[in-house]
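Fold and geometry: a report
This is what each chain is made of:
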Amino acid sequence: ISIDLGHKSLKAVKVYHKAKKFYFVDKVELPIEDGVIVDGEINQPEILGGKIIDALEYLKYDKGFDDIFLSISWSSGILADQVNLKFPKGSDEEEVILFEAGNRPPFDEKDITLDYQVLNSNEEKETKEVLLVAAKNAVLQKWARFLETFSIHPLAFDVDSFSVYNTFLSCASESDLTDSVAILNI
């Protein structure tokens, strides 16, 4: 079950997978009233928790079987930047990206979780366009503690910029990965 928490609505989808095939089970969207989440802060935890529980009940959440993934929107604790980096021949992609990120504000902060996605590569110029995303650990811990009060334990947190792309990669066929594909976040 994947839950996308925005400032105006909660969207959740249940997908069943077996032998690298994914099957859509059901979806639900519930409005979130003004003031429940403001600038990434949960102002009315009982209401938001109730919405999450309602969505899980609608999707027939099986605590022993279903995994939960949570996508959170940009907030004061989520930082992002799109950068072009030089990759000398034989260099390790992850080492270069993490080193460069560690030297760039606001990514040079301590106590963050950093992730990246290579958007484009130019083999001739030995450069790559990279989307860097960092989340303050305190923000992720706050969300985790909030969900724990409702006995919900997400397997992973995702940030909107990655969630649609990661979803596509998780269920794309080999031919999908070699075709030109437009991914729309609606």
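For the structure, see preceding data.
Report on the accompanying structure. No experiment lies behind these values; they were computed from the predicted model shown.

**Points about the nonpolar core**
With 29 residues, the main nonpolar core has Ile3, Leu5, Leu10, Leu48, Ile52 and Trp143 as its most contacted residues. For this core, the elements supplying multiple residues, two or more each, are strand 1 (2-5), strand 2 (9-18), strand 3 (21-31), helix 1 (45-58), strand 6 (69-72), strand 9 (127-136) and helix 3 (137-148). Element by element, the count of residues in this core is highest for helix 3, at five residues. Beyond its immediate stretch of four places on either side in the chain, isoleucine 52 contacts Ile3, Leu5, Leu10, Phe146, Leu147 and Ile152.

**Things to note about the sheet that holds strand 7 (residues 78-86)**
Strand order in the open sheet formed by three strands is 7-9-8, with antiparallel pairing between adjacent strands. Of all strands in the sheet, those bounded by a partner on one side alone are strand 7 and strand 8 (112-122). Neighbour-to-neighbour, the strand axes of this sheet turn through a mean angle of 20°, independent of strand direction. Note: strand 8 against strand 9, 10 bridges, orientation antiparallel. Bridge pairing in strand 9 places aspartate 115 opposite valine 133. Running over the sheet, helix 2 (residues 93-102) touches strand 7, strand 8 and strand 9 and is turned about 120° from strand 8. Strands strand 8 and strand 9 of the sheet are contacted by helix 3, whose axis makes an angle of about 55° with strand 9.

**Here we look at the packing of aromatic side chains**
This model, assessed by the stated rule, comprises three aromatic pairs. Between phenylalanine 146 and phenylalanine 150, the aromatic rings sit 5.3 Å apart at their centres with planes inclined by 65°, giving edge-to-face as the arrangement. The class of phenylalanine 146 is buried, set by a relative accessible area of 8%. Classification of phenylalanine 150 by relative accessible area gives partly exposed; the value is 26%. Site record: aromatic cluster; members linked through ring pairs are Trp143, Phe146 and Phe150. The ring of phenylalanine 87 has lysine 128 sitting right over it, with the charged end atom 4.9 Å from the ring centre.

**Structural notes on the pairing of strand 9**
Burial analysis of strand 9 places eight of its 10 residues in the buried class, the great majority of the element. Looking at chain direction, strand 7 and strand 9 are connected through nine bridges and run antiparallel. Looking across to strand 9, one finds that aspartate 81 is bridged to leucine 132. Counting the residues in the hairpin turn of strand 8 and strand 9 gives four residues, including glutamate 126, whose phi is positive at 55°.

**Description of the pairing of strand 2**
In this sheet, strand 2 lies alongside strand 1 in antiparallel orientation, the contact comprising four bridges. Looking at the pairing, isoleucine 3 lines up with alanine 12 of strand 2. Note: strand 2 against strand 3, 10 bridges, orientation antiparallel. By the bridge assignment, histidine 17 is partnered in strand 3 with phenylalanine 22. As consecutive antiparallel partners, strand 2 and strand 3 are separated by two residues, and within that stretch alanine 19 has a phi angle of approximately 50°, a positive value.

The rules behind each value
- Residues numbered from 1 in each chain as written.
- Predicted model: local features only at pLDDT ≥ 70, side-chain atom pairs only at ≥ 80, totals over all residues.
- Heavy atoms only, no water.
- Core = buried A, V, L, I, M, F, W, Y, C linked by side-chain atoms within 4.5 Å.
- Buried < 20%, exposed > 50% of the residue type's maximum accessible area, 1.4 Å probe, protein only.
- Helix = DSSP H or I, 4+ residues; strand = E, 2+ residues; numbered from the N terminus.
- Contact = heavy atoms within 4.5 Å.
- Pairing = 2+ DSSP bridges.
- Axes fitted to C-alpha atoms, helices over the stretch in contact; angles between N-to-C directions.
- Phe/Tyr/Trp six-rings, centres within 6.5 Å; stacked < 30°, edge-to-face > 60°.
- Lys NZ or Arg CZ within 6 Å of the ring centre and 35° of its normal.

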